[in-house]
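As a plain string of letters, each chain reads:
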Amino acid sequence: MRGKNVQLENVVMRFGDFTAVHQTNLEVNAGEFFSVLGPSGCGKTTILRMVSGFMEPSEGRVLIGGEDMTGKGPNKRPTALIFQNLALFPLMSNWENVAFGLEARGIDKKTRRNKAYELLALVGLSGQEMKKPSELSGGQRQRVAIARALAVEPSVLLLDEPLSALDLKLRQHMRAELKEIQRKTGVTFIFITHDQGEALTMSDRIAVMKNGVIEQVGRTDDIYSKPLTPFVATFVGENNVLPGRVTNADKDFAQIETAHGIFRGRNQDSLKPGNSAMLFVRPERAAIVNGTTPDNAFDARFERRDLEGAFVNLHFRLGDNPFIVHEANLRLHNGFDGPIQLGFNADDAVVMASGEVNDDA
Amino acid sequence: MHSLIRSYGKPLTSLFVCLTAFWLLVMIALPQAFMIEHSLWHIDRDDQLGMKIDRAYSEMGLVEYDLKAAKTEKVRAEFQTRIDALKAQIAALEAQETEPPKIYGIHNYTKMSELHFTIFLKSIVFALMVTVLALVVCYPMAFTIAKLATPYKAALMMLGLIIPYAINELLRVYAWLMILDYQGVINSALAWLGLVSFEAKTWVPFLENPGSVFVALIYAYVLFMIFPIYNTVETLDKNQLEAAKDLGASTWKTHMRIVIPHAKPGIAVGCIMTFMLSVGSYSVPQIMTRGKSGDWFSQLIYRQFFESQNWNTGAAYSFSLVIVCLAFILIMMKSFKVGIRDIAK
Ligand SMILES: Nc1ncnc2c1ncn2[C@@H]1O[C@H](COP(=O)(O)OP(=O)(O)OP(=O)(O)O)[C@@H](O)[C@H]1O
Ligand SMILES: [Mg+2]
């Protein structure tokens, strides 16, 4: 396998007295598709630039394949970066763009031409070699950028939100394509995005960042089903939040008193009675009560229904607290008048110590 | 035109158009046309003219004397016709003397002496050298200001470049004169170090070397080189520099393949301006050489106009220079593959 692992050891990055990345330890395995996910300004690009060598960390060090990268510039590292705006060279043809890294290494024209044509074929751009990047569509330009980065045979490919400029359809297509290229080449991908859906569909593992701190690192399934902090719980996927205070707790479950009733959920943070806490339950884990009563049941006021296709989003309110339920689109969900009884099982909900949630959704 | 009328209305638009036309005609076309016209004729002054007139007069005196001595009517009539013919000849000659005929042709261009032609070529070569030197000096500066310096430092550097331009060009050139003079700043410093001596006149004669003119010309025209280059480099996406570096390119490679191709229009404009200004500069060579080393072509033209009063030759010389500049522009455009549009930008 070509990919190498990347380690950040006690890395800190400061700009003046502003700390963009707080002390971070992170290991990206060789050959995995790793995403760094977080809202705008949280320090994702900063982390990427420290790995690629455009910035030296203020503290700590970066290792690639076990080798200390301190003091090595971007042209001395086994990494290749795909820029947010691609940064293709507009005056060169596509094949010259792809061959530029080889040209910089002093490889003769015939060899680098062959290699460039080969890589352009790999990304599905045969026949476009002589065109200029400006003569291509957005998705095609994307592929040229990928081919150009792969031409230098990097062990680690760094991608800074490369899909953000594309429209939705193309973005979904490119996701699959990137994943396929990663599988074929075995190169370690570190992919930066603020789109949680993108991170979930593509990655093997994800690091979720907020304000310069990595809040959680884990496999995509774990990030989704076992979020460790309120921020991760609300930033990755949708979650209903019910804030309150713990009234009763044991090793496994905690009971929390909210403005809208008392609920039970898993006691993830070993909370004690009196702790201020939040209960999270995914919309697909809650349901309209129909037959057997679940562990938690409560009345809510129906607000509206959003049709998503295969499922519907039912928006309810408990007082001023919004509550969403996903239901499979198997029947018409309308004509609710008056309070509706909703419910969820304690196993499907989690109680965490209060913290900052993602509120720009 | 229609959009102009739409945005400014008819009266204002016609005013704009008239002013533009006036400018084009009076400030650009007319002086050039006048110059070209002058360069294409010369006055054919016959050096023998005075003598010819004198000879005709003395001949007429003789014939008149013969006329008085003549006996027969027939002979008298013969002398009379000769006198009339001579009178007509004298009148024609005198007319030619007071108002010599203009002769059109390329005579003014072809009669350039070998010495003048050498100076002409030398000036072009010198101007080319100044242009290349200015480019070598200005490109790194423009790049540094545009891409490497922090905004604050870039502003300071820009200011440092512009402030000298608030001072009259002549003063700036005189400053260089003082620096490079026999007993100027540099020689004084050398004397202080004991390397030269004023008494023994062993100073370094900087001013007798065309290099001193080069230095002053480059100094006088740096901005015309820096600004166009700065403007184009400025528009280069910084990510492209980083991408090149990330792909393993050396600084040299990045400049050759990314920055210079991008900055080509700016480089072409800078070279054109510097070349035209240096080849046509009169004051800089005049002040810097103080006539101690050979003339530049611009000084020659000045002489034709204001010392020899030979406007026609002067016009032809100037126009030759214009043609050289036009040729230079075309060559730059061809070799840099930039269009007139890129340059206008
Ligand atoms: N060169 C710099 N000098 C000063 N501050 C910087 C610099 N680069 C980044 N920052 C700051 O560091 C923080 C993190 O920036 P970074 O570019 O890593 O964010 P990001 O997560 O990539 O955001 P986005 O999704 O918007 O690209 C921001 O607050 C930014 O203002
Ligand atoms: Mg970023």
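Every chain is numbered independently, its residues counted from 1 as its sequence is written. Starting at A for chains and at 1 for ligands, labels are handed out in the order in which the entities are written. With the structure being a predicted model, the display of local features is reserved for residues of pLDDT at least 70 and the display and counting of side-chain atom pairs for 80 or more, all residues being used for whole-chain, interface and lining totals. For the side-chain quantities, the full set of heavy atoms in the structure was used; hydrogens and water were omitted.

**Notes on unusual backbone geometry**
Residue and element names in this part refer to chain A.
- Positive phi outside glycine occurs at Glu161, with the angle close to 40°.
- Relative to the assigned elements, Glu161 resides in the loop between strand 7 (156-160) and helix 5 (168-185).
- A positive phi angle is found at Asn211, which is not glycine, with a value near 45°.
- Mapped onto the fold, Asn211 is located in the loop between strand 9 (205-210) and strand 10 (213-219). The numbering of helices and of strands both runs from the N terminus, where a helix is a DSSP run of H or I of at least 4 residues and a strand a run of E of at least 2.

**Considering the domain arrangement of chain A**
Residue and element names in this part refer to chain A.
- Boundaries of every domain are those given by an automatic assignment or by a domain database. Split by domain assignment, chain A resolves into domain 1 (6-230) and domain 2 (238-353).
- Once you take the C-alpha centre of each, domain 1 and domain 2 turn out to be 38 Å apart.
- Once two parts are joined, some of their accessible surface, as seen by a 1.4 Å probe, is lost; buried area is that loss totalled over both. Interface area for domain 1 against domain 2, summed over the two sides, is near 620 Å², with a carbon-plus-sulfur share of 47%.
- Considering only the surface of domain 1 that becomes buried against domain 2, Tyr224, Pro227 and Pro230 emerge as the three largest contributors, covering 73% of it.
- Salt bridges are counted wherever a side-chain nitrogen of Lys or Arg sits within 4 Å of a carboxyl oxygen of Asp or Glu. Along the contact surface separating domain 1 from domain 2 lie zero salt bridges.
- Within 3.5 Å is the distance limit for a polar contact, defined as a pair of N or O atoms, with the added protein rule that one can donate a hydrogen and the other accept it, and that residues adjacent in sequence qualify only through two side-chain atoms. Taken together, the links from domain 1 to domain 2 amount to three residue pairs in polar contact (both at pLDDT 80 or more).

**Some details on the confidence of the model for chain B**
All names here are of chain B.
- pLDDT: the predictor's confidence for each residue, scored from 0 to 100. When pLDDT is averaged along chain B, the result is 83, and 97% of the positions lie at 70 or above.
- Confidence, read as mean pLDDT per element, is least for helix 16 (residues 340-344) in chain B (66) and greatest for helix 11 (residues 238-246) (92).
- At the level of chain-chain contacts, confidence expressed as ipTM amounts to 0.81, with global pTM at 0.78.

**Section: the UniProt feature "domain: ABC transporter" (unreviewed entry) in chain A**
- Taking the numbering used here, the UniProt-annotated feature "domain: ABC transporter" (unreviewed entry) corresponds to residues 6-236 of chain A.
- With 37% helix and 27% strand, residues 6-236 of chain A has end C-alpha atoms that lie 24 Å from one another. UniProt positions are given in the numbering used here, feature names are shortened, and annotations may be inferred rather than shown by experiment.

**With respect to the packing of helix 14 (residues 297-306) of chain B against helix 15 (residues 311-335) of chain B**
All names here are of chain B.
- With their axes 7 Å apart at the nearest point, helix 14 and helix 15 run at an angle of 155° to one another. The angle between helix 14 and helix 15 falls in the class roughly antiparallel. Pair helix 14 / helix 15 crosses with left-handed handedness. Residues Phe297, Leu300, Ile301, Gln304 and Phe305 of helix 14 touch helix 15, and the partners they reach there are Trp311, Thr313, Gly314, Ala315, Tyr317, Ser318 and Leu321.
- Along the lines of polarity and charge, the residues of the contact of helix 14 with helix 15 split into eight nonpolar, four polar and no charged. Orientation is described by lines fitted to C-alpha atoms, with helices fitted over the stretch in contact, and by angles between N-to-C directions that extend from 0 to 180 degrees. With respect to orientation, any angle under 35 degrees is reported as roughly parallel, any angle over 145 as roughly antiparallel, any angle of 65 to 115 as roughly perpendicular, and every other angle as oblique. By definition, turning the near helix anticlockwise from the far helix through less than a right angle yields a left-handed crossing, and turning it clockwise yields a right-handed one. Whether two residues are in contact is decided by their heavy atoms: any pair within 4.5 Å suffices. Only Asp, Glu, Lys and Arg are considered charged, only Ala, Val, Leu, Ile, Met, Phe, Trp, Tyr, Cys and Pro nonpolar, and every remaining residue, Gly among them, polar.

**What to know about the UniProt feature "transmembrane region" (unreviewed entry) in chain B**
Residues and elements named next belong to chain B.
- In this numbering, the UniProt entry assigns the feature "transmembrane region" (unreviewed entry) to residues 12-30, 119-142, 213-230, 266-284 and 315-333.
- The span residues 119-142 shows a helical share of 100% and a strand share of 0%, and its end C-alpha atoms are spaced 33 Å apart.
- Counted over residues 213-230, helix gives 100% and strand 0%. Its end C-alpha atoms are 25 Å apart.

**Regarding the confidence of the model for chain A**
- In the predicted model, chain A carries a mean pLDDT of 90, and the fraction of residues at 70 or more is 98%.
- Across chain A, element-level confidence peaks in strand 3 (residues 33-37) of chain A with a mean pLDDT of 95 and bottoms out in helix 5 of chain A with 87.

**Focus on the packing of aromatic side chains**
Residue and element names in this part refer to chain A.
- Under the pairing criterion, centres of Phe, Tyr and Trp rings, with the six-membered ring standing for Trp, must be within 6.5 Å; the plane angle then separates stacked pairs below 30 degrees from edge-to-face pairs above 60, leaving the rest tilted. Evaluated as defined, the whole model comprises 20 aromatic pairs over all chains.
- Three or more aromatic residues joined by ring pairs make a cluster, and in this case those are Phe263, Phe298, Phe323 and Phe344.
- Put simply, a charge is over a ring when the Lys NZ or the Arg CZ is close to the ring centre, within 6 Å, and near the line of the ring normal, within 35 degrees. Arg282 extends its terminal NZ or CZ atom over the ring of Tyr224, reaching a point 3.8 Å from the ring centre.

**Some points on the interface of chain B and chain A**
- Taken together, the contacts link 16 residues of chain B with 24 residues of chain A.
- Counting the surface lost from both chain B and chain A, the interface buries some 1,800 Å², and carbon and sulfur atoms represent 58% of this.
- In this structure, B:Arg257 engages A:Glu96 in a salt bridge whose closest nitrogen and oxygen atoms are separated by 3.7 Å.
- Listed by contribution, the elements that provide at least two residues to the side of chain B that touches chain A are helix 11 and helix 12 (251-280) of chain B.

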